[in-house]
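Here are the chains, one letter per residue:
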Amino acid sequence: MNRAMRLTRVAGFLCLAVAATLAAALGSTHGVTVREHLYDAKVLPTMEAWAGGAFGSIFHSSDCGRTWQRQPTPTDQQLFGIDMASAQVGWAVGRAGTILHTADGGASWHLQPPNTDRHFFKVLARSQNEAWVIGDWGAIFHTADGGSHWTDRSLSEDVILNDITFADRERGWIAGEAGAIFATTDGGATWSRQETGTEKTLFGIKFVDAQNGWAVGLDGLMLQTTDGGNHWEVRRGDPNIGSLEQMGFLEALKNPSLYAIDIVGNFGVAVGDMGMILVSTDGGRTWNRQEVPATWRLYWLRSLSLIEGKNGLVVGSSGLAIPILQGDFSYPGL
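Notes on the structure follow. What you see is a predicted model, and the numbers here were worked out from it, not measured in a lab.

## Topic: the pattern of salt bridges
Applying the stated rule across the entire model yields eleven salt bridges. Glu-291 is the salt-bridge partner of Arg-297, the closest N and O atoms lying 3.4 Å from each other. Overall, the relative accessible area of 40% leaves Arg-297 in the partly exposed class.

Shown next, in the form of structure tokens:
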């Protein structure tokens, strides 16, 4: 796939940041009304949650996304990734190399280096001092001192990187465009490409240990590995690239793209376009589509965060936030 085609694809993703697809007010009367697209979320075991979105917006919830309060930020850039190492320390990242850091639970957010114009799509906070940021043009940046300094560990390949996961201190994986998965066995010092058997873009990746992982992407594609990524097998969707005419329109509607996946214990969730929610209750061995209200099928679901007890949060377009409480999805307004 040439650069022009890939830029068209990523431009489509970035345009979601400014496209007001729906005007519904999805916030709570007990907090602010959230209308901005939400691209990422993080829930802590205390049920405290943060979400990042369009126009530099960050929202905080003390009840797993049922009510929200806006937090001040020093940017109007779209924020595609957010993660919290604790209730006090976290990062948010986005367009044009934006990195924000908080040390007070989001009461204040401050810009950090590096100085780059590459878009960042995900941040992983591994501790209060350590974080990884990935994005366009093979961008990989790492900090070990709370963000005072960032080390550029970017790939030599021109590839868009969408999600990052670590199983332990040494072993991690990054998913990206054209079926790319990169793995490290030395704590991120070096990264090597794994063979996935597809050229479809992968948006989300999750490893629960050093052997077992899942990746999701275009056209409802889900891959699984049981050997650390040495071999990836198709669990859902078609790994081959084809046109809508080849696939059939109705078939395409049955397999909207998946943007994120998370698994905690035996409970797993994957989310994507057209209100797509897949749920696993057996540790990711099988997945079933969750029935959602018809009106929610107009929404795209961009990210989720799970914690123990089958609890978590799904976020998406036009401020949509769906708390998950003991395995039940709490749809706003119902």
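Having put the structure on the table, let's press on.
## Quick look at the nonpolar core
Ranked by size, the top nonpolar core spans 19 residues in total, and within it Val-269, Val-271, Ile-277, Val-314, Ile-322 and Phe-329 carry the most contacts. Only strand S21 (258-264), strand S22 (267-272), strand S23 (277-280), strand S25 (301-307) and strand S27 (321-325) provide two or more residues apiece to this core. Not counting chain neighbours up to four residues away, the residues in contact with Ile-322 comprise Ile-277, Leu-301, Gly-312, Leu-313, Val-314, Phe-329, Ser-330, Tyr-331 and Pro-332.

## Quick notes on the sheet that holds strand S5 (residues 79-84)
Ordered by their spatial adjacency, four strands build an open sheet running S5-S6-S7-S8, and the pairing between neighbours is antiparallel. Looking at the sheet topology across the chains shown, the edges are occupied by S5 and strand S8 (110-111). Taken together, the five bridges between S5 and strand S6 (residues 90-94) define a ladder with antiparallel strand orientation. Counted as the bridge partner of Asp-83 is Trp-91 from S6.

## Considering the pairing of strand S19 (residues 222-225)
Burial along S19 is two-sided: Met-222 and Gln-224 facing one way and Leu-223 and Thr-225 facing the other are all buried. Where strand S18 (residues 213-217) lies against S19, four bridges are found, and the strand directions are antiparallel. Looking at S19, one finds that Ala-215 is bridged to Leu-223. Here S18 folds back onto S19 in antiparallel fashion, the turn holding four residues, of which Asp-219 has a positive phi close to 55°. Note that S19 and strand S20 (residues 233-236) share three bridges and pair antiparallel. Residue pairing across strands places Met-222 opposite Arg-236, the latter belonging to S20.

## Here's the deal with the pairing of S27
Of all five residues in S27, four are buried, a share of seventy percent or more. The pairing of strand S26 (residues 311-316) with S27 spans four bridges and is classified as antiparallel. Note that in S27 the partner of Gly-312 across the bridge is Ile-324. The hairpin formed by S26 and S27 contains four residues between the paired strands, and Ser-318 there has a positive phi angle of roughly 55°. As defined by bridge partners, S27 adjoins strand S28 (residues 328-329) across two bridges and the pair is classed as antiparallel. If you follow Ile-324 over to S28, its bridge partner there is Phe-329. The turn linking S27 back onto S28 is made up of two residues, and Gln-326 within it adopts a positive phi angle of 55°.

Definitions and cut-offs
- Residues numbered from 1 in each chain as written.
- Predicted model: local features only at pLDDT ≥ 70, side-chain atom pairs only at ≥ 80, totals over all residues.
- Heavy atoms only, no water.
- Salt bridge = Lys/Arg side-chain N within 4 Å of Asp/Glu carboxyl O.
- Buried < 20%, exposed > 50% of the residue type's maximum accessible area, 1.4 Å probe, protein only.
- Core = buried A, V, L, I, M, F, W, Y, C linked by side-chain atoms within 4.5 Å.
- Helix = DSSP H or I, 4+ residues; strand = E, 2+ residues; numbered from the N terminus.
- Contact = heavy atoms within 4.5 Å.
- Pairing = 2+ DSSP bridges.

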